[in-house]
Amino acid sequence: MSADLHQSAIDTLEPERYEFREEPAWDFQLGGFSLARRDFFRLMGCGVAVYLVARSGAAQESGGTAGARGAGRGQGGAFRGEELPNEISAWLHIGETGAVTVYTGKVEMGQNIRTSLTQAVAEELRVDPARISFVMGDTDLVPWDMGTFGSRTTPTMNLELRRVASVARDVMVDLAAKTWKVDGKRLVASDGRVRDRDSGRSIEYAKLAQDQTFSKAVVENDPLTPAADWRIAGQPLPKVDGRDFVTGRHQYTPDVIVPGMLHGKVLRPPSFGAELVSVDLSPAQAMPGVTAVHDGAFVGVAAPSVEAATRALAAIKAQWNEPANEPANRPPSAAGASSAGGGSETSPGSAPSSTASSAHLSAYLKAHLQQGGDEGYGRSSEEKGSVDQGLASAAHRLEATYEVAYIAHAPLEPRAAVAEWKDGKLTVHTGSQRPFAVRDDLADAFHIPAKRVRVLIPDTGAAYGGKHTGEAAVEAARLARAANAPVKIVWTREEEFTWAYFRPGGLIEIKAGVAPDGTLTAWEFHNYNSGGAGIGTPYAVANQRIQFHACDSPLRQGSYRGLAATANHFARESHMDDLAQAAGMDPLAFRYKNLNDERLKDVFAAAAEKFGWGRGKAAPGHGFGIAGGVEKGGYIATCAEVSVDRAARAVRVLRVVTAFECGAVVNPDGLKNQVIGANVMGLGGGLFEAIQFEKGRILNNHFAQYRVPRFSDVPQIEVVLVNRKDVPSAGAGETPLIALAPAIGNAIFAATGVRLRSLPMLPAGRLQV
């Protein structure tokens with residue numbers, strides 16, 4: 001595939017994935033190396049290998065296309081090609097012992113895809129799931145993959161691996177037929193064996209794989225087992241390797257130790273956009289075992305312990321020139337770019353304007369609309385009918401503004417990396433959702449071919465869309481090169497809260513009209529900066545104008561679980577409740593009145609039935625709310641009950657019922673856990689979480705000041721899974737998040753008559769009105 005087609009695949013992503021289009025974090029002035037290309041297929045070993053050759057390039061986010069060729073893309077670099085693998089997006093290997101190894105570029109971050117993908121392979125291959133193991137996110141061993149994000153693993157990689165496993169099963173049947181010299185039509189595969197239905201004899205896959213060096217490419221779609229006939233998929237298989245996680249045996253990146261490893265620290269500027277004027281490394285260099293580096297804007301140290309590295313960093317004397325805080329053309333990166341010439345050196349990215357602050361975000365965004373630039377990234381518009389005529393004909397018209405704060409991902413595992421240079425090759429362990437993008441970041445930073453960089457992704461302690469970039473990996477590699485030893489970097493919580501990218505803040509303006517019978521007559525929706533995900537309305541309305549407007553962000557921003565769908569659903573579903581009140585209708589009945597989508601109606605009905613909607617009034621001081629929507633092929637409806645103490649300005653979410661439909665359910669326990677986890681996470685962004693900033697500084701950069709959900713905040717959560725075996729499986733990592741905030745907001749309104757139009761709704765944990 002050409003670089004242009006690869007770029008077009010990036011271009012089709014949601015506009016708020018800003019981090020995909022950032023410039024490289026660092027550009028070091030170092031030379032490259034020379035290293036012979038490894039023998040790719042030698043790594044497979046003897047046995048039977050089946051690999052998928054996908055048909056359509058840009059449409060296949062996993063990269064398995066007629067020209068994928070192991071291509072990858074860094075934040076700002078072009079896609080590059082390799083000799084191998086050619087046209088492969090996934091593969092499977094059956095070894096001589098009967099062990100099945102599956103290779104995929106997807107990674108595990110707690111979403112439990114290792115288990116669901118195991119079920120997919122086991123179902124089609126007809127083997128015990130215990131015989132299957134996965135190699136994930138190792139750029140030397142797995143095929144190129146764009147990354148693990150956007151709820152794409154289930155609808156894409158799950159399907160691809162099912163196809164591969166189905167053909168692998170056919171291969172084993174064919175081998176048995178040749179061994180026995182019989183017609184393959186009389187043979188059937190089950191339980192890791194091929195059986196002859198006429199004679200009753202059988203042979204294990206392991207026996208068939210012995211002494212084989214057979215491989216087969218899957219081009220055509222092989223028939224797959226219908227969901228109605230699933231025996232392994234669709235069942236609540238326990239988490240693969242789950243015991244390792246609960247006992248502490250699993251090693252996350254911060255746990256990785258290699259012989260001779262040093263610990264690194266990087267000097268951060270006092271504010272976004274500050275310029276490094278001068279630096280004196282000598283106090284740090286005088287310390288035993290310390291290596292200090294100054295390369296362009298990069299200043300860092302490596303030392304035998306974290307404590308020694310911290311002391312060495314504190315000893316460095318640096319002079320900074322803080323800017324007048326006018327916005328630059330790109331958002332702040334976590335690292336900055338080296339200076340090719342003399343003079344001062346720019347630190348991480350651009351700075352907020354002197355007038356930019358979290359307290360005045362909406363006014364800032366409206367005043368800093370992007371002009372020109374990439375149309376695909378800057379703005380989008382959908383319009384039909386005449387909004388003006390629809391509003392003029394309405395019996396009731398409603399106009400409102402909604403605000404959305406920047407929030408942090410706050411993963412339990414901060415950014416971390418262990419880097420080692422050996423024999424001209426760079427190997428990095430790090431936690432990332434995009435191993436090949438990190439590989440290319442490293443290649444770009446050190447001016448070496450990507451094939452001389454290996455990135456390994458251990459199962460990672462959460463990401464939520466926040467680990468698409470490779471800052472820690474590049475920093476560790478630079479220090480490792482200078483120290484001539486492996487180096488580990490683990491970002492502090494303050495670094496994570498300051499230099500990682502945030503979920504975009506935003507402003508949403510809505511105008512809408514409704515007829516006397518409750519029919520929507522007009523819908524106008526403008527999103528400023530937050531993003532375009534979930535921006536379209538699922539409700540039937542003849543006259544609508546929906547636009548996303550890109551702004552010059554005062555903070556570094558990028559992907560977050562659910563993207564802007566959370567903000568857009570909060571505004572839309574809050575507005576729908578207000579329209580229902582204006583029309584004098586029950587909120588659920590009003591939604592039914594304006595819905596043609598039967599799948600969305602079904603989840604609303606399922607949630608309402610489980611919750612008991614309409615079967616009784618809320619107790620005094622209590623309120624019920626409902627909200628729903630569609631995103632990434634999933635259908636969601638959530639009901640919430642809250643209690644409000646107006647005197648204490650206290651709100652407590654008592655009960656949440658969420659109905660979710662994402663096609664055929666692959667693992668009901670895993671899916672239920674995803675829905676519950678999304679609701680718990682949604683409490684934070686909906687009620688408490690907000691990044692506070694002013695004059696280029698984050699003001700609440702640790703957990704003592706940044707309020708996340710606590711155990712005491714978690715309500716009773718009930719999940720209704722609507723299992724549509726007649727519909728292909730969709731992803732579930734993001735959509736369950738999007739309906740909680742509006743459901744709670746609608747419940748608070750029902751209890752108090754007060755409409756909260758800003759996220760978070762309870763800053764500092766209390767009602768502000």
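Just so it is clear, the model here is predicted, and its values are computed rather than measured.

(A) Broad picture of the overall build of the protein chain. Regarding its fold elements, the protein chain presents 18 helices and 30 strands. Long-range contacts, defined here as pairs at least 24 residues apart, represent 77% of the contacts in the protein chain between residues at least 6 apart. As displayed, the protein chain has an accessible area near 28600 Å², and 49% of this comes from carbon and sulfur atoms.

(B) A look at unusual backbone geometry. Residue Leu759 is joined to Pro760 through a cis peptide bond whose omega torsion reads 5°. Among the structural elements, Pro760 can be located in the segment after strand S30 (758–759). For Arg126, which is not a glycine, the phi torsion comes out positive at approximately 65°. Tracing the backbone through its elements, the reader meets Arg126 in the loop between helix H2 (113–125) and strand S4 (132–136).

(C) Region of interest: helix H12 (residues 471–483). With 13 residues, H12 extends 19 Å from end C-alpha to end C-alpha; this agrees with the ideal 18 Å at 1.5 Å per step. H12 sits mainly inside the fold: 11 of its 13 residues count as buried. For H12, the set of buried residues is Glu471, Ala472, Ala473, Val474, Glu475, Ala476, Ala477, Arg478, Leu479, Ala480 and Ala483. Positive backbone phi, approximately 55°, marks Asn484, located one or two places after H12.

(D) Looking closely at the nonpolar core. Of all hydrophobic cores here, the largest spans 77 residues; its most connected members are Trp523, Ile744 and Met761. In terms of residue count, helix H14 (residues 565–583) provides more of this core than any other element does, 8 residues in total. Every residue in contact with Ile744, bar those within four places of it in the chain, is listed here: Ala640, Val642, Val653, Leu683, Leu687 and Met761. Of all hydrophobic cores here, the second largest spans 61 residues; its members include Leu262, Ala477, Ala483 and Ala500.

(E) Quick look at the sheet that holds strand S17 (residues 416–422). The 7 strands lie next to each other as S11-S12-S9-S20-S17-S18-S19, forming an open sheet whose pairing is mixed. If you trace the sheet from one side to the other, it starts and ends with strand S11 (291–295) and strand S19 (453–456), each paired once. Ignoring strand direction, the axes of neighbouring strands in this sheet form an average angle of 20°. The sheet contact formed by strand S18 (residues 425–430) and S19 spans 4 bridges and is parallel. Bridge pairing links Thr427 to Arg454 in S19. Contacts from helix H11 (residues 435–446) reach S17, S18 and S19 within the one sheet, and its direction differs from that of S19 by about 145°.

(F) Spatial organisation of the pattern of salt bridges. The final tally for this structure, using the stated rule, is 39 salt bridges. Between Arg114 and Asp459 there is a salt bridge, with the nearest N and O atoms lying 2.5 Å from each other. You can see Arg114 sitting in helix H2 and its partner Asp459 sitting in the loop between S19 and H12, a full 345 residues away along the chain. According to the relative accessible area criterion, Asp459 is buried, its value standing at 10%.

(G) Structural detail: helix H7 (residues 306–315). Taken residue by residue, H7 has Ala308, Ala309, Ala312, Leu313 and Ala315 as its buried positions. All buried residues of H7 project into a common sector of 160° when viewed along the axis, lining one side. Turned more than 90 degrees away from the buried face of H7, the exposed residues are Glu307, Arg311 and Ala314. Looking at the packing, one finds that the buried side of H7 touches strand S9 (262–266), helix H6 (282–285), strand S12 (298–303) and strand S13 (317–321).

(H) Representation of the packing of aromatic side chains within the structure. Within this structure, the stated rule accounts for 12 aromatic pairs. Centre to centre, the rings of Phe20 and Phe149 are 5.1 Å apart; their planes meet at 80°, and the pair counts as edge-to-face. With Phe20 in the loop between helix H1 (3–11) and strand S1 (47–53) and Phe149 in the loop between S4 and helix H3 (153–180), the pair connects residues that are 129 residues apart, well separated along the chain. Across the pair, Phe149 and Phe20 agree in class, each one buried. Here Phe497 and Phe703 contribute two aromatic rings whose centre-to-centre distance is 5.3 Å and whose plane-to-plane angle is 85°, an arrangement assigned as edge-to-face. Note that Phe497 is positioned in helix H13 (residues 493–499) and Phe703 in the loop between strand S28 (697–698) and strand S29 (716–721), a separation of 206 residues in sequence. According to the relative accessible area criterion, Phe497 is buried, its value standing at 1%.

(I) Geometry of the environment of Arg114. On the basis of relative accessibility, which here comes to 12%, the residue Arg114 falls in the buried class. Note: C-alpha distance between Arg114 and Phe134 (20 residues apart in sequence) is 7.2 Å. With near-sequence residues (within four places) excluded, Arg114 lies in contact with Glu108, Phe134, Met136, Val240, Asp241 and Asp459.

(J) Summary view of the sheet that holds strand S7 (residues 202–204). If you trace the 3 strands from one edge of the open sheet to the other, you get S5-S6-S7, paired in antiparallel fashion. Lying at the two open borders of the sheet, with one neighbouring strand each, are strand S5 (187–190) and S7. Geometrically, the sheet is characterised by an average inter-axis angle of 20° between neighbouring strands, direction not taken into account. Sheet topology note: the S5/strand S6 (residues 193–196) ladder contains 4 bridges and is antiparallel.

Cut-offs used in this document
- Residues numbered from 1 in each chain as written.
- Predicted model: local features only at pLDDT ≥ 70, side-chain atom pairs only at ≥ 80, totals over all residues.
- Heavy atoms only, no water.
- Helix = DSSP H or I, 4+ residues; strand = E, 2+ residues; numbered from the N terminus.
- Contact = heavy atoms within 4.5 Å.
- Areas by Shrake-Rupley, 256 points an atom, 1.4 Å probe, with all protein chains shown as cover.
- Expected span 1.5 Å × (residues − 1).
- Buried < 20%, exposed > 50% of the residue type's maximum accessible area, 1.4 Å probe, protein only.
- Core = buried A, V, L, I, M, F, W, Y, C linked by side-chain atoms within 4.5 Å.
- Pairing = 2+ DSSP bridges.
- Axes fitted to C-alpha atoms, helices over the stretch in contact; angles between N-to-C directions.
- Salt bridge = Lys/Arg side-chain N within 4 Å of Asp/Glu carboxyl O.
- Arc of directions from axis to C-beta.
- Phe/Tyr/Trp six-rings, centres within 6.5 Å; stacked < 30°, edge-to-face > 60°.

So, to be careful, I would describe these as geometric facts and stop short of saying anything about function.
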